[in-house]
Amino acid sequence: MEDFYPFQDLEKKWQERWGNLFRCDLDGAGEKYYCLMMFPYPSGNLHVGHGRNYIIGDALARIKMMEGYNILAPMGWDSFGLPAENAAIKNNIKPSRWTEDNIRNMKKQFYDWGVLYDWSREIASCQPDYYRWTQWLFLQLYESGLAYQEKASVNWCPSCKTVLANEQVVNGSCERCKNLIESKKLKQWFFRITAYADKLLQDQEKLEKWPERVLVMQSNWIGRSEGIEVTFPLEDGDRNLNCFTTRVDTIFGATFIVIAAEHPLASELIKKGGEEREGTLFIEHVRQIMLQEREKVAFTKEGFFTGCYAINPATKKKIPVFLASYVLMEYGTGVVMGVPAHDQRDFEFVEESPLDIPVIQVIREEGSEAGDLTEAYVGDGIMINSGEFDGLQNREAMEKITDSLKERGLAERVVHYRLKDWLISRQRYWGAPIPMIHCAACGTVPVPEDQLPVLLPEDVDFIPRGDGKSPLAASPGFLNTVCPRCGGKAQRDTDTMDTFVDSSWYFLRYLSPRDTEKAFDRELVNRWLPVDQYIGGIEHAILHLLYSRFIIKFLYDKGLVEFNEPFANLFTQGMITRNGVKMSKSAGNTVNPGGLIEKYGADTVRLYTLFIGPPEKDAEWNDRSVEGAYRFINRVWRLYFRHRDIFSEPPGTDEGKLDPPRMDKAQLNLYRKIQKTIFKVKHDILDGSFHFNTAISALMELTNEIYLFIENNQDFEDRVGTSVELFKYALRNVIILLAPMSPHLCEEIWERMGHAETIFSRRLPEADEEYLEADRYTLVIQVNGKIRSREEIEQDLSDEEIKEIALANERIADFIQGKEIKKVIVVPGRLVNIVAV
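Every chain is numbered independently, its residues counted from 1 as its sequence is written. Side-chain atom pairs in this predicted model are given and counted only at pLDDT of 80 or more, local residue features only at pLDDT of at least 70, and totals for whole chains, interfaces and linings cover all residues. The basis for every side-chain value is the complete set of heavy atoms in the structure, and neither hydrogens nor water enter the calculation.

Re the domain arrangement of the protein
Then comes step 1: Marked domain ranges trace back to an automatic or database domain assignment. Per the domain assignment, the segments making up the protein are domain 1 (225-416), domain 2 (643-771) and domain 3 (776-836).
Then comes step 2: Once you take the C-alpha centre of each, domain 2 and domain 3 turn out to be 34 Å apart.

A short note on unusual backbone geometry
Then comes step 1: Here the bond from L452 into P453 is cis, since omega is 0°, no more than 30 degrees from zero.
Then comes step 2: Of the consecutive residues L529 and P530, the connecting peptide bond is found in the cis state with omega at 5°.
Then comes step 3: Along the chain, P530 falls in the loop between helix 15 (522-528) and strand 26 (533-537).
Then comes step 4: A positive phi angle, close to 60°, is found at N579, a residue other than glycine.
Then comes step 5: Where helices and strands are cited, they refer to DSSP runs of H or I of at least four residues and of E of at least two residues respectively, numbered from the N terminus. Here N579 is to be found in the loop between strand 28 (576-578) and strand 29 (581-582).

As for the sheet that holds strand 34 (residues 831-836)
Strand pairing in a sheet takes place through backbone hydrogen bonds and is either antiparallel or parallel in direction.
Then comes step 1: Two strands qualify as a pair provided that DSSP identifies no fewer than 2 bridges between them. In spatial order, the strands read 32-31-34-33; together these four strands make up an open sheet with mixed pairing. Where the open sheet ends on each side, the last strands, each with one partner, are strand 32 (786-794) and strand 33 (821-827). On average, each strand axis in the sheet is tilted by 20° relative to the strand beside it, whichever way the strands run.
Then comes step 2: By the bridge criterion, six bridges tie strand 33 to strand 34 in an arrangement that is antiparallel. Its bridge partner being in strand 34, K823 is matched across the sheet by V835.
Then comes step 3: Against the sheet, helix 24 (residues 799-808) engages strand 31 (776-783), strand 32, strand 33 and strand 34, with an angle of about 120° to strand 33. Fitted lines through C-alpha atoms serve as axes, helices being fitted only where they are in contact, and the angles separating the N-to-C directions of these axes extend from 0 to 180 degrees. Here a residue-residue contact requires only that any non-hydrogen atoms of the pair lie within 4.5 Å.

Some thoughts on the side chain of T231
Then comes step 1: You can see T231 is positioned in strand 10 (residues 225-233).
Then comes step 2: Looking at T231, its side chain comes within polar contact range of the side chain of N242, at 3.2 Å. Between N or O atoms, a polar contact is any pair within 3.5 Å; within protein, one atom must be a potential hydrogen donor and the other a potential acceptor, and residues adjacent in sequence are included only when both atoms are from side chains.

Right under this line is the structure:
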């Protein structure tokens, strides 16, 4: 007797049968539903932590299919990048070979999980038929003035031997290899994402179904600040320091100036002030601090007096100019006015300064008097020591001081952003070549579109050079070319693009992945996008998601698409941890799904992954708890297998039709439970929160109720009657509702029940709303045998729930206050007696 689900044979059977289940007819029936998982980097082996993303997406696509939607669920590979190149160097193979091998392995893992995609739409960003169009996108940006090249200080990873964007530096280290980075000046290509800063912020209001924390992270990264840019002339009058401030009301209290050590004028000021030697050492010291702890540097208070003075335009007094570790070039202008009376950091800076810098209070709290300060006063109040503005409320004074300085040509109202342009140059081999040509006569010239793609050469030594140049620079066959304008000798640009360029538009390509004439089919993308549901990790909140939004807005402005946001709904799943640490190869705590699938089956692994906790939160993996999911799978299997004779006849047109008013109490209770379960499963998954965990819990409860119903019912001996029909109805609903989570099991049972079509062509059941509410009755509540109160409660509550209701009753609480409760006796359906002394 098959008391245990024979997954070894049955799961392979269904995985083979499902070959075309998710193949999408873009013109097919049903409302469109574009369900997209962030395409992965082909690293080689997926662990169970990775599985959470893909299993959630697969289960969602299946349940939406059962709602009648036309599902588009494609998959591809973000296959350019440093890991492939580094692995190829380590193993002495080509990056393309390493990547292709990993793709094959990961596709098999998807297959073993029962995770389905429309593989007819598969793309890989490292293939010429894809990166041709990434290069085309670069040219569109270049022609629009949004791609440019300039020399800049960059983050250089000496280990990876390439440039990193600021976003790819974590605590002064390369996010990939963890080695400390260095600063280097190189000529680099940038995308002018700053031109879209306001649109990226303003259009957040359209992203109603994005996690709030993602929007906050993007807002903070863009960092829009409205303020005043004030001119502080240097004492000798030959230069000005432009200072950005949001507190111009405190300018009369500005008694020093601090500038960023990386400011273009820093070296000039220390030379002019006679402090070149010591000042240069300080600049280098700050640079090292910033490379290692850029985010913490704002909390330091180290300074160096340049020997120069500036003139406060409000007081006309000279004030010292310092270099400081806490001022960063990416904030404002890299120049900050020091107001020790009204900024705590400035207050502490002055206390530690070797110079005697005055602390001048210019705002006092209303109702108090000015006096010696023991800390900075940062609140609002009345202006003092501020000339003609004395006596004004400080907020009112802001506008008047700004107007006064503006009339003298010393201030402007401005908006500053933390966001900097997107640095896309990489000095590595395994990436999309930048389609530009450098000609001595014509300058920098774009590659004509009809000459795309600029192919990566196969016969190149891709070992990083370490001199700031790509390995492509050492390939004469790639480097030397002809200028498309003058026909003279020229050289190709040897940098490759940041892989985030590849992933900024891939979701468009899935609609027409084999198109050789254009990057994407406008009619199709305008019909199918924005993506209805995008699923991926929170770690992509700033980089990938922000860059994709930028690119779509650019294409919208060019008239190439009719939507200006790529993803209508975004879900960011929590991480899987083990032993309290994020599951990762580097942490040495990964769990290979292959071993678990071999031991328990794919349905068990899927079910446990979905049941482990709320999907938006981190969850701790427990190997022993997988067994609980396995037991449930087998309980469902046994429900069918032990009563399979009941389903011996093919299902008829009256399948599932029951008459609740004629049911006895036990039958009606089970019928109500079925309706509640239908409602809860659909609600918990389809409301956008994807709480498969609570949906599975509800199905477990219903399964338990079915077992109890069978044990307490004699009709099953004759295999006829209402109880048998109710059992069939109950089990069919369990199978249908469980199918997206444990599809192999449910497909097999569904077929054995006599259904020829896949269970995923079956529409989800609708709850009988009339029976969603349980019957209610009046609970009598006694204290020491005497009736003290009554409560209207639901019929099917547990004893523990009834006890809680009785003890929480307001009148009962008064009776038992100060007494010790000895016991609580429950007579189900009638009364509760609380024994208290």
